[in-house]
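Each chain is listed here by its residues.
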Amino acid sequence: MTTPEWMVYWFNFLCLPTLVRGLSVMLYCPRYMYIIMDQSVVCLTIAHYRQGTHLQTATIQRLFQKDVDGFHVVNVGRFCTDLKSMLPATPAGVMEIIKRTGIETFGKNAVVCGRSKNVGLPLAVLLHADGIGETNAMDATTTICHRYTPPEQLRVFVKTADILVVAAGIPNLITADMVKEGVAVIDVGINRIKDEKTGKFKLVGDVHFEGVREKASYITPVPGGVGPMTVAMLMKNTLLAAQKSIKYDF
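Keep in mind the model is a prediction, meaning the values are calculated, not measured. (Residues numbered from 1 in each chain as written. Predicted model: local features only at pLDDT ≥ 70, side-chain atom pairs only at ≥ 80, totals over all residues. Heavy atoms only, no water.)

1. Observations regarding the packing of helix α6 (residues 89-101) against helix α7 (residues 120-128)
Here is step 1: Relative orientation of the contacting elements α6 and α7 amounts to 35°, with a least axis distance of 9 Å. The hand of the α6/α7 crossing is right-handed. Contact with α6, carried on its side by P91, V94, M95 and I98, involves P122, L123, L126 and L127 of α7 and no other residues of that element.
Here is step 2: A per-class count over the contact of α6 with α7 returns eight nonpolar, no polar and no charged. (Axes fitted to C-alpha atoms, helices over the stretch in contact; angles between N-to-C directions. Helix = DSSP H or I, 4+ residues; strand = E, 2+ residues; numbered from the N terminus. Left-handed = near helix turned anticlockwise from the far one by under 90°. Contact = heavy atoms within 4.5 Å. Nonpolar A, V, L, I, M, F, W, Y, C, P; charged D, E, K, R; others polar.)

Printed below as a string of structure tokens:
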């Protein structure tokens, strides 16, 4: 069984300048690790050596460039301030879907259901941020809903959405009566549930696909929608890391 200390040791070793081009943490970490350390410690380790280690600025820049997940506070801080950075793969994939589909975002109402630090929050930032920045963000009017949003208020917010992104982890949370005609729906959720008719397990999203598709102008399937884009964006980040194309000027 891998211990957190052993994982941190290997991250420190792999962060040496010449060994690897990019590092990715497969979240969520095993449950036993939460007893000992928070997963944020593991994510931070990608770009930080142990406390007390002295690094030259050039070396620190190389380490940040290996954070292909985009989870480190430096990369998060950069995209939150419209600077080029390693974007988290799933939000980057959603943005790519929106751009390549030609969905209009400027001044539109976008609703994000879910506020996780690696999907919902960065998505909301990228949807609402200024498009003239280095992140080429979307200039939408953005609302975030989460687990403590009252159900009646969730309906109110979702009904206003021109663009609806759902990443709540609740099967079939969004139904057809909650959305307006012509909404663009991107379903990030993936849930394993038991089919009542067949008794077998199947994968479904956070959106009731069959119902909502009748009203939506665009809707992503589950599986086969956002998932492949997440993989593609992770590979893109790995290429960016290998090319050292993001400059950290500090």
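2. Points about the environment of K200
Here is step 1: Looking at the secondary structure, you find K200 in the loop between β5 (191-194) and β6 (201-204).
Here is step 2: Not counting residues up to four positions away in its chain, the partners in contact with K200 are I193, K194 and D195.

3. A closer look at the environment of V125
Here is step 1: For V125, the position within the fold is in helix α7.
Here is step 2: Judged by relative accessible area, V125 falls into the buried class, the value being 11%.
Here is step 3: The spacing of V125 and C80 is 45 residues in sequence and 6.5 Å in space, taken between C-alpha atoms.
Here is step 4: Apart from the residues within four sequence positions on either side, V125 is in contact with F79 and C80. (Buried < 20%, exposed > 50% of the residue type's maximum accessible area, 1.4 Å probe, protein only.)

4. As for the side chain of S85
Here is step 1: Tracing the backbone shows S85 in the loop between α5 (73-80) and α6.
Here is step 2: S85 sits in the buried class, given a relative accessible area of 7%.
Here is step 3: A distance of 3.4 Å separates a polar atom in the side chain of S85 from the backbone oxygen of N75.
Here is step 4: Residues in contact with S85, not counting those within four places in the same chain, are N75, R78, F79 and I246. (Polar contact = N/O pair within 3.5 Å; in protein donor to acceptor, adjacent residues only side chain to side chain.)

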